[in-house]
2 protein chains.
Amino acid sequence: MAPIANIPDSSFPRVVIIGGGFAGMRLALELSKKQFEVVLIDRNNFHQFQPLYYQVATAGLEPSSISFPMRKAFQKFKHTHFRMAEFLKACPEKNEIETSIGNVRYDYLVFAIGADTNYFGREDMIRAGLPMKSVGEALRIRNTILEHFERALNTDDPAEQSKLINIVIVGGGATGVELAGALSEMKRFVLPKDYPELDFSRMGIYLIEASERLLAAMSPKSSATVEKYLIKMGVNVHTSTKVLSFESNKVKTDKTPDISAEMVLWTAGISVPKVEGIDKAEVLRGGRLKVNRFNQLLPYENIFAIGDMALMTEPDYPNGHPQVAPPAIQQASLLASNLDKLVSGKKMKEFHYQHKGSMATVGRNRAVAELGKIHIRGFVAWAFWLFVHLMSIVGSKNRVFIFMNWMWNYLSYDQSLRLIIKPSKRKIS
Amino acid sequence: MAPIANIPDSSFPRVVIIGGGFAGMRLALELSKKQFEVVLIDRNNFHQFQPLYYQVATAGLEPSSISFPMRKAFQKFKHTHFRMAEFLKACPEKNEIETSIGNVRYDYLVFAIGADTNYFGREDMIRAGLPMKSVGEALRIRNTILEHFERALNTDDPAEQSKLINIVIVGGGATGVELAGALSEMKRFVLPKDYPELDFSRMGIYLIEASERLLAAMSPKSSATVEKYLIKMGVNVHTSTKVLSFESNKVKTDKTPDISAEMVLWTAGISVPKVEGIDKAEVLRGGRLKVNRFNQLLPYENIFAIGDMALMTEPDYPNGHPQVAPPAIQQASLLASNLDKLVSGKKMKEFHYQHKGSMATVGRNRAVAELGKIHIRGFVAWAFWLFVHLMSIVGSKNRVFIFMNWMWNYLSYDQSLRLIIKPSKRKIS
């Protein structure tokens, strides 16, 4: 018998939430204000603000600016318990889950684990590609890029230098586009000042997308605008291009000459990790779990999935909702009130996604935004992007510090966090 | 034959500086303005502001706030070249050094590597003690403390909890005192809010010093003030107490009952790492290198040592200067002008240390400072400490952000960086 995790119990029904991303965090906050005992489990002790990972990767923001300590969010709720732990397995027959800190009983269980990088089974990218699905991975990209520039100084050979400082981004969704834009600004404004000995014509930034346009989730016009921006900024954009292999520091595609590069950023897809123990639930494309309009993971009536993990179809979204923050947050909010209804025997309300708009930024004064029928671009879209992201960040301190960082970077044309910082490892004597 | 490192050459005499701490950084900056070619070598790509490591370790400041990118400091000097590399060995007979990026020729060589933790050969502390001599090590302390609090929630056993959250600091110099003060403020103001399930009477903070008083470098009166402050703040201060062993999560001393603890912060001493290849130079206590009044490492006339590494005696300092920032900075400044004199055949000037004062802070509104005959304490000393440290920080952005962080922490009683952040490792598929 596995030990029982040491978590206080109460007479309130207990909701166990796995994952403290946008969905899990919102649900935990809303349930904390109601008559529930909430147990929130995450492998990290902080909430991560995904939309700005790319700014950590390109030395524009601190990891801490986009990370918020979980415990601080729940300080005032005495029936909410956060535990830093790994989820291992669900045991629906016992209404329990197994975790790295012992078994946890639940009345209601909510999966909000989110999605991880999808390598589509490609061994080359699993081995050598750089993913960006956590603050830690974004920080690794920052360290890797800076280390490569340091190494490039140690050679005189132009081909060797190119191999070291070329950057290939695979995947032209919002993440790939935003990374490409930020890297091209580093190449123009920051790196030449830091590395006057290097010839920056030797550095290529490549954005490769298999489908026929960037930002497939937005309108063709926005895609075209973004492609034009990126080309103007010196990014080599290749749409309708498939990466065939990445071996021996060479990227082969079906359209371009081979690209010599050690750094390949993989932003080509996401998939939902396999959830042990829920064998009766239906698993669909990309590992997503089929849920009904109440986010219930049938046939389990007291188990739910929300956010990127969940695949819910409704007439307007026959293939499910996009895997981004807004549906996750909206599902979490509705589920909080539906759980209340469920407990008091009332009828639950069906979910309907309110799409407010999409946007992506490419660089200073350059972005696209679509709000219903209104499509904007350029400075106005960029300022709007900044405003929306600033307002979505958790924590007033983070908001102030991000705003100050952005102002500083904007005025000084300088991403100042060009630091290769790692926590030291315990020395082996 | 080892390869030659790829570094541009010029007709100016080349000064190679190893280490970009207070001494190396200052020397490189001053020589950059003169007719020298400067090669600065450091294993990190950033300068580290040592006096504030303890605030990184206790979640008060960001690692990046006290780290400054080397390249930014030297952007405007085209005869100065920074290289991120490990120094391996000096070859004085060839006027060359061996490094991890190849051999580097010099006309003048300056060692400014600083000092590292001195474990006095103690295997127990090398294996399990937590040192704090770099930003990376400070970050590891932060992560370790937070992880221990998370783990403490998983048990009900009071003795087991104490073992997990007790903190023993060995060494009552400025570093130990400042850490003890900051930890006691975390214990009082921050941690109980984050961990309402824990009983904080089970957490002990121990400061153990072998000699008879804390802050041996300051006056007995300041030592007494600081000890009084710490005791009032709940720190268990044990002077004249030797740590006998740290085995199986138990600290044995010659005076106290055994202390059950997994976390032991080792701030008991520093030593200068061995320098390969300078066998003819005299190595003294703590590995320090004997230099003359021009910081020359005789018998080598074109090799110098400055800062913590150097042991220079003068009538007022028969045992050498204290291993702190001010003598390092003053030696660097004088050496810059002396190298100028040396090249133009003029007579070099002897170094004389101008002691401006010492200070240490214990917590909000509590510090001691000695400026010549003027000894102050309490709020005035504390405000003075803040001002001096703020002004010494490299980089106006760092200054603004540290000031804002301090204001925020002071007003909110909240060290907000309670994040266990690590760059992710490459996954092994």
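Everything here concerns the structure above.
Residues numbered from 1 in each chain as written. Chains lettered and ligands numbered in written order. Predicted model: local features only at pLDDT ≥ 70, side-chain atom pairs only at ≥ 80, totals over all residues. Heavy atoms only, no water.

**Some points on the relation of the copies chain B and chain A**
Relating one copy of the chain to the other requires a rotation about an axis plus a shift along that axis.
Item 1. Here chain B sits on chain A after a turn of 180 degrees about the axis and a move of 0.0 Å along it, with an RMSD of 0.0 Å. Such a turn and shift between the copies fits a two-fold axis. Minimal C-alpha separation from the rotation axis in chain B is found for B:Lys422, amounting to 3.4 Å.
Item 2. Mapped onto chain A, 100% of the interface residues of chain B are again interface residues, and the two copies thus contact each other with one and the same surface. (Least-squares fit on C-alpha atoms with pLDDT ≥ 70 in both. Contact = heavy atoms within 4.5 Å.)

**What about helix H10 (residues 378–392) of chain A?**
Residue and element names in this part refer to chain A.
Item 1. Between its first and last C-alpha atoms H10 spans 21 Å; for 15 residues at 1.5 Å apiece the expected length is 21 Å, and the two agree.
Item 2. All buried positions along H10 are accounted for by Gly378, Ala381, Trp382, Trp385, Leu386, His389 and Leu390. End-on, the buried residues of H10 take up no more than an arc of 165 degrees, which puts them together on one face. Away from the buried face of H10 by more than 90 degrees, exposed residues Val380 and Phe387 are located. (Helix = DSSP H or I, 4+ residues; strand = E, 2+ residues; numbered from the N terminus. Expected span 1.5 Å × (residues − 1). Buried < 20%, exposed > 50% of the residue type's maximum accessible area, 1.4 Å probe, protein only. Arc of directions from axis to C-beta.)

**Examining the packing of helix H1 (residues 22–32) of chain A against helix H9 (residues 325–343) of chain A**
Residue and element names in this part refer to chain A.
Item 1. Between H1 and H9, the least distance of the axes is 8 Å, while the angle of their chain directions is 30 degrees. Compared by their axis directions, H1 and H9 come out roughly parallel. Read as a crossing pair, H1 and H9 show a hand that is right-handed. Together, Phe22, Ala23, Arg26, Leu27, Glu30 and Leu31 of H1 and Ala325, Ala328, Ile329, Ala332, Ser333, Leu335, Ala336 and Leu339 of H9 make up the contact between the two elements. (Axes fitted to C-alpha atoms, helices over the stretch in contact; angles between N-to-C directions. Parallel < 35°, antiparallel > 145°, perpendicular 65-115°, else oblique. Left-handed = near helix turned anticlockwise from the far one by under 90°.)

**Quick look at the packing of H10(A) against helix H11 (residues 396–412) of chain A**
All names here are of chain A.
Item 1. Following both chains from N to C, one finds H10 and H11 inclined at 155 degrees, their axes separated by 9 Å at the closest point. As the angle between them shows, H10 and H11 are arranged roughly antiparallel. Where H10 approaches H11, its residues Trp382, Trp385, Leu386, His389, Leu390 and Met391 are matched on the opposing element by Arg399, Ile402, Phe403, Trp406 and Tyr410.

**Some details on the pattern of salt bridges**
Item 1. According to the stated counting rule, one finds 40 salt bridges over all chains in the structure shown.
Item 2. The salt bridge partner of A:Glu86 is A:Arg43, with a shortest N-O separation of 3.5 Å. A residue pair is termed long-range when its members are at least 10 positions apart, and A:Glu86 in the loop between strand S5 (80–84) and strand S6 (87–91) and A:Arg43 in the loop between strand S2 (37–42) and strand S3 (46–48) qualify at 43 residues.
Item 3. Exposure remark for A:Glu86: the relative accessible area of 36% places this residue in the partly exposed category.
Item 4. A salt bridge links A:Glu150 to B:Arg71; the nearest nitrogen and oxygen atoms lie 2.7 Å apart. Note that A:Glu150 is positioned in helix H5 (residues 135–152) and B:Arg71 in helix H3 (residues 70–73), a pairing that runs across two chains. (Salt bridge = Lys/Arg side-chain N within 4 Å of Asp/Glu carboxyl O.)

**Concerning a positive patch on the surface**
Residues and elements named next belong to chain A.
Item 1. A contiguous patch of positive charge on the surface is contributed by Lys221, Lys228, Lys232 and Arg377.
Item 2. Counting residues per element, the positive patch draws most heavily on helix H8 (residues 220–232), at 3 residues.
Item 3. Note that lysine 232 resides in helix H8.
Item 4. Classification of lysine 232 by relative accessible area gives exposed; the value is 67%. (Patch = residues over 30% accessible without salt bridge, like charges linked within 9 Å, V, L, I, M, F, W, Y side chains within 5 Å. Areas by Shrake-Rupley, 256 points an atom, 1.4 Å probe, with all protein chains shown as cover. Lys, Arg positive; Asp, Glu negative; His and termini not counted. Charge placed at Lys NZ, Arg CZ, Asp CG, Glu CD.)

**Examining the sheet that holds strand S7 (residues 96–99) of chain A**
Residue and element names in this part refer to chain A.
Item 1. Sheet architecture is open: 3 strands sit in the order S6-S7-S8, paired in antiparallel fashion. What marks the edges here is a single partner per strand, and that holds for S6 and strand S8 (102–105). Strand-to-strand, the axes of this sheet are offset by a mean angle of 25 degrees, without reference to chain direction.
Item 2. Where S7 meets S8, 4 bridges bridge the pair, whose relative direction is antiparallel. Paired with isoleucine 97 across the two strands is valine 104, which belongs to S8. (Pairing = 2+ DSSP bridges.)

**Let's talk about the side chain of B:Asn409**
Item 1. Looking at where B:Asn409 falls in the secondary structure, it is placed in helix H11 (residues 396–412).
Item 2. For B:Asn409, the side chain forms a polar contact with the main-chain oxygen of B:Gly60, separated by 3.2 Å.
Item 3. In this structure, B:Asn409 is in contact with A:Lys397, B:Gly60, B:Arg364, B:Asp414, B:Gln415 and B:Ser416, ignoring residues within four places of it in sequence. (Polar contact = N/O pair within 3.5 Å; in protein donor to acceptor, adjacent residues only side chain to side chain.)

**Some thoughts on unusual backbone geometry**
Item 1. Of note, the bond from A:Leu298 into A:Pro299 is cis; its omega dihedral lies within 30 degrees of zero at 10 degrees.
Item 2. In this structure, A:Pro299 sits in the loop between strand S19 (289–290) and strand S20 (303–305).
Item 3. With a phi close to 50 degrees, B:Asn95 is a non-glycine residue in the positive phi region.
Item 4. One can find B:Asn95 in the loop between strand S6 (87–91) and strand S7 (96–99).
Item 5. One non-glycine residue with positive phi stands out, namely B:Phe120, at about 50 degrees.
Item 6. Along the chain, B:Phe120 falls in the loop between strand S10 (116–117) and helix H4 (123–128).

**Here we look at the pairing of strand S15 (residues 250–253) of chain A**
Residue and element names in this part refer to chain A.
Item 1. Residues Val251 and Thr253 point to one face of S15 and are all buried, whereas Lys250 and Lys252, pointing to the other face, are not buried.
Item 2. Sheet topology note: the strand S14 (residues 243–247)/S15 ladder contains 4 bridges and is antiparallel. Bridge pairing in S15 places glutamate 247 opposite lysine 250.
Item 3. If you look at the hairpin formed by S14 and S15, you'll find 2 residues sitting between the two strands, and serine 248 has a positive phi there, around 50 degrees.
Item 4. Two elements, S15 and strand S16 (residues 259–260), share 2 bridges in a ladder whose sense is antiparallel. Residue pairing for S16: valine 251 is matched across the bridge by isoleucine 259.
Item 5. Linking two consecutive strands that pair antiparallel, namely S15 and S16, is a turn of 5 residues.

**Digging into the interface of chain B and chain A**
Item 1. Between chain B and chain A, the residue contacts involve 64 residues of the former and 64 residues of the latter.
Item 2. Summing both partners gives a buried area of about 5,900 Å² for chain B against chain A, and 53% of it is carried by carbon and sulfur.
Item 3. Run the count over chain B and chain A and you get 4 salt bridges.
Item 4. Scanning the region where chain B abuts chain A turns up 26 residue pairs in polar contact (both at pLDDT 80 or more).
Item 5. Per-element tally for the side of chain B that touches chain A: the top contributor is helix H5 (residues 135–152) of chain B, with 9 residues.
Item 6. Class assignment of the residues belonging to the side of chain B that touches chain A gives a composition of 26 nonpolar, 17 polar and 21 charged. (Buried area = accessible area lost by both parts, 1.4 Å probe. Nonpolar A, V, L, I, M, F, W, Y, C, P; charged D, E, K, R; others polar.)

**Brief notes about helix H1 (residues 22–32) of chain B**
Item 1. Within H1(B), 8 of the 11 residues are buried, which leaves the element mostly enclosed by the surrounding structure.
Item 2. Within the sequence span of H1(B), burial applies to B:Phe22, B:Ala23, B:Gly24, B:Met25, B:Leu27, B:Ala28, B:Leu31 and B:Ser32.

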